[in-house]
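Letter by letter, the chains look like this.
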Amino acid sequence: MSAKTEQFSVSVIVPVHNGEAFLREAIQSIRSQDWGAAEIIVVDDGSTDRTPAIVTDLGDPVRYVQQPNLGAAAARNRGIKTATGSVIAFLDADDLWLEHTLSLQLGMLQSDPSLQMVRGHTQRIHRAAGRSGESGWENFDEAWPALSLGSAIMRKPVFDSVGYLDESLAFNEDVDWFLRARETGIATLLHENVVQLYRRHEHNLTNNREQNRTSFLRTLKNTIERKRNNGE
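A brief look at the structure comes next. Since we're looking at a predicted model, the values are computed, not measured.

## Quick notes on the overall build of the chain
So, step 1. Within the chain one finds 8 helices and 9 strands.
So, step 2. Within the chain, buried positions represent 46% of all 232 residues.
So, step 3. Sequence-distant contacts in the chain: of pairs separated by 6 or more residues, those separated by 24 or more amount to 74%.
So, step 4. With the model as given, the accessible surface of the chain reaches about 11,700 Å², and the carbon-plus-sulfur share is 48%.

The structure is reproduced here in C-alpha cells:
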C-alpha cells in the first residue's frame, strides 16, 4: 500500500436520478483513476429507470443508497453523511473525470496541509457527428473554473464549517455552497488543469433556464443577506 493511499481515503459521491444513459460511463471514469477511490457512493434519488439494476451490476467499491426523489442537494448530503473517507469528491452521473483528476488534486492537497479544498477547471462537451456519421463527444467552448462540485475535492471536516448543501434549492445548490465556503474562509487552491468533463445533453437540469435563473438570483440574494447580517 502506498503512502498516498495510507494518508488519504477518498469517498466519491455520485447523485443520480434516472441516469441509465450515462451512469455506467461516469462510474468507469472514477474507477479508471490513477489514484483509486476507497468507495463510490451512488445515491439514487428516486430513479424510475434501470438505474438500480445498473448499480447492482457494478460491484465494489460501489455502495448503493436509495432515497425518495428529494433533489440533488439532498442526495449529495446523504452521500456526505454516509461517507467514511477523509476526503470527499463528487461526480454527477452524467459527467466524467479525466484519468488524472484524483491524483492531481490529491497531490496538491497533500503538498499543503493548510489547504482544505482544491478546485480545477471544467470542460463542456456535447454530442457531434463524426466523419463516419457516428455520434461522439467533443469540446464546444473554453474550459472554465465552474463552481461545480465535480471539479473539486475537499477534506471532510470542511462540511462541519460550511454546512451541508441547501436542500431548498432545486438548482445552483453547488454555487450556493461554494459561496458559503468562501465566506467561511475555507483555504482553497484553484488551478488551471481540466479535471471534469461536463456533458451537455437534452436532459440536463440546467436546460430549464427560467428555474435556473430564479434559483441563481435567490442564491445571490441569500449571499447578500448573509453579508448584511455579518455587518459587511
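That covers the picture; the talk isn't over yet.
## Considering the pairing of strand E1 (residues 10–16)
So, step 1. Among the 7 residues of E1, 7 are classified as buried, and the element is accordingly described as predominantly covered.
So, step 2. Residues of E1 alternate between two faces, with Val 10, Val 12, Val 14 and Val 16 on one and Ser 11, Ile 13 and Pro 15 on the opposite face, all of them buried.
So, step 3. Relative to strand E4 (residues 87–90), E1 runs parallel, the two sharing 4 bridges. Looking at E4, one finds that Ser 11 is bridged to Ile 88.
So, step 4. Bridge analysis of E1 against strand E2 (residues 39–45) gives 6 bridges, and the strand direction is parallel. Note that in E2 the partner of Val 14 across the bridge is Val 42.

## Focus: the packing of aromatic side chains
So, step 1. If you walk through the whole model with that rule in mind, you get 5 aromatic pairs.
So, step 2. Relative to Phe 178, the ring of Trp 177 lies with its centre 5.5 Å away and its plane at 80°, an arrangement referred to as edge-to-face. Judged on exposure class, the residue Trp 177 and its partner Phe 178 are both buried.
So, step 3. The rings of Phe 90, Phe 159, Tyr 164, Trp 177 and Phe 178 are connected pair by pair, giving a single aromatic cluster.
So, step 4. Directly above the aromatic system of Phe 178 lies the positively charged group of Arg 119, at a separation of 5.4 Å from the ring centroid.

## Let's talk about the pattern of salt bridges
So, step 1. Using the criterion set out here, one finds 6 salt bridges in the structure.
So, step 2. Asp 92 is the salt-bridge partner of Arg 76, the closest N and O atoms lying 2.7 Å from each other. Here Asp 92 lies in the loop between E4 and strand E5 (96–97) and Arg 76 lies in helix H4 (residues 72–82), a separation of 16 residues in the sequence.
So, step 3. A relative accessible area of 4% means that Arg 76 is categorised as buried.
So, step 4. Through salt bridges that share partners, Arg 76, Asp 92 and Glu 173 make up one connected network.

## Regarding the side chain of Glu 39
So, step 1. Mapped onto the elements of the fold, Glu 39 is located in strand E2.
So, step 2. A polar contact of 2.8 Å, which involves the side chain of Glu 39, links it to the side chain of Arg 63.
So, step 3. Sequence-distant contacts of Glu 39, defined by excluding residues within four places in its chain, comprise Val 10, Ser 11, Val 12, Pro 61, Arg 63, Ala 83, Thr 84 and Gly 85.

## Comments concerning unusual backbone geometry
So, step 1. Between Asp 60 and Pro 61 the backbone carries a cis peptide bond, its omega angle lying at 5°.
So, step 2. Tracing the sequence through the fold places Pro 61 in the loop between helix H3 (51–58) and strand E3 (62–67).
So, step 3. You will see that Asn 18, though not glycine, has its phi angle at about 50°, which is positive.
So, step 4. One can find Asn 18 in the loop between E1 and helix H2 (23–31).
So, step 5. The phi torsion at Asn 172 lies on the positive side, around 60°, for a residue other than glycine.

About the criteria used
Residues numbered from 1 in each chain as written. Predicted model: local features only at pLDDT ≥ 70, side-chain atom pairs only at ≥ 80, totals over all residues. Heavy atoms only, no water. Helix = DSSP H or I, 4+ residues; strand = E, 2+ residues; numbered from the N terminus. Buried < 20%, exposed > 50% of the residue type's maximum accessible area, 1.4 Å probe, protein only. Contact = heavy atoms within 4.5 Å. Areas by Shrake-Rupley, 256 points an atom, 1.4 Å probe, with all protein chains shown as cover. Pairing = 2+ DSSP bridges. Phe/Tyr/Trp six-rings, centres within 6.5 Å; stacked < 30°, edge-to-face > 60°. Lys NZ or Arg CZ within 6 Å of the ring centre and 35° of its normal. Salt bridge = Lys/Arg side-chain N within 4 Å of Asp/Glu carboxyl O. Polar contact = N/O pair within 3.5 Å; in protein donor to acceptor, adjacent residues only side chain to side chain.

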